[in-house]
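Next come the chains, spelled out residue by residue.
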Amino acid sequence: MACCLGTFCVILVLGIIAVTVYRKYEKDQSTHVMNLTAENHSLREKSEQLEAQNKELETEKENLTEQISDIMISWNKLNISRAQWNRKCKPCQKGWDHVESSCYATNDADSNHWKTWEAARKDCRGKSSDLVIITTALQPDFCFLRYWIGLRVEGGKWKWVDGSYLTDKCNGSNVDCQH
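Residues numbered from 1 in each chain as written. Predicted model: local features only at pLDDT ≥ 70, side-chain atom pairs only at ≥ 80, totals over all residues. Heavy atoms only, no water.

Per an unreviewed UniProt entry, the protein carries the name C-type lectin domain-containing protein and comes from Oreochromis aureus.

In structure tokens form, the structure reads like this:
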């Protein structure tokens, strides 16, 4: 029986040691969980702070991008304005003749390449212009018989391309385009 009692004491001592070790392990685990919970809470607060800071930086970035865009627009306007200081104003496109307040372009094609009135008008419109409308007594001096003018018969009446009707004769003068 002494042997049983000795064995029982050894088992009891081992049980107490096991319970003590388990309680220490449980306490360590509980402390570890509390530390992890505190760290998780701290990281969440930092994350919220970083998200708020990120939003502020995004807003600042948008404002700066808008300011850069405004500055670039102002810069381009300034460059355009500055470029215009050094340039001379030309009233007509290259190859056009300036007469009084109008610009004229003529097509001196040989008779094999003459255009119809419609083709000549289409060509003029392609150049942001139209066939000439003779409105002053001076214009016939610049009109030649071999060019189309913006006059044609519609409904039995002579009508200019601007919709007005012919009131005076042009002495048969014609000019190709007027801008």
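Colleague: Quick question: what am I supposed to make of the pattern of salt bridges here?
Modeller: Oppositely charged side chains may form a pair once their charged atoms are brought near each other. Under the definition given, this model contains six salt bridges. Note that Asp130 is salt-bridged to Arg125, the shortest N-O span being 3.8 Å. Since its relative accessible area comes to 16%, Asp130 is described here as buried. Among the salt bridges present, the one from Glu154 reaches Lys159, with a minimum N-O distance of 3.6 Å. The class for Glu154 is partly exposed, based on a relative accessible area of 39%. Judged by its relative accessible area of 21%, Lys159 falls in the partly exposed class. The structure contains a network of salt bridges with shared partners spanning Lys115, Asp123 and Lys127. (Salt bridge = Lys/Arg side-chain N within 4 Å of Asp/Glu carboxyl O. Buried < 20%, exposed > 50% of the residue type's maximum accessible area, 1.4 Å probe, protein only.)

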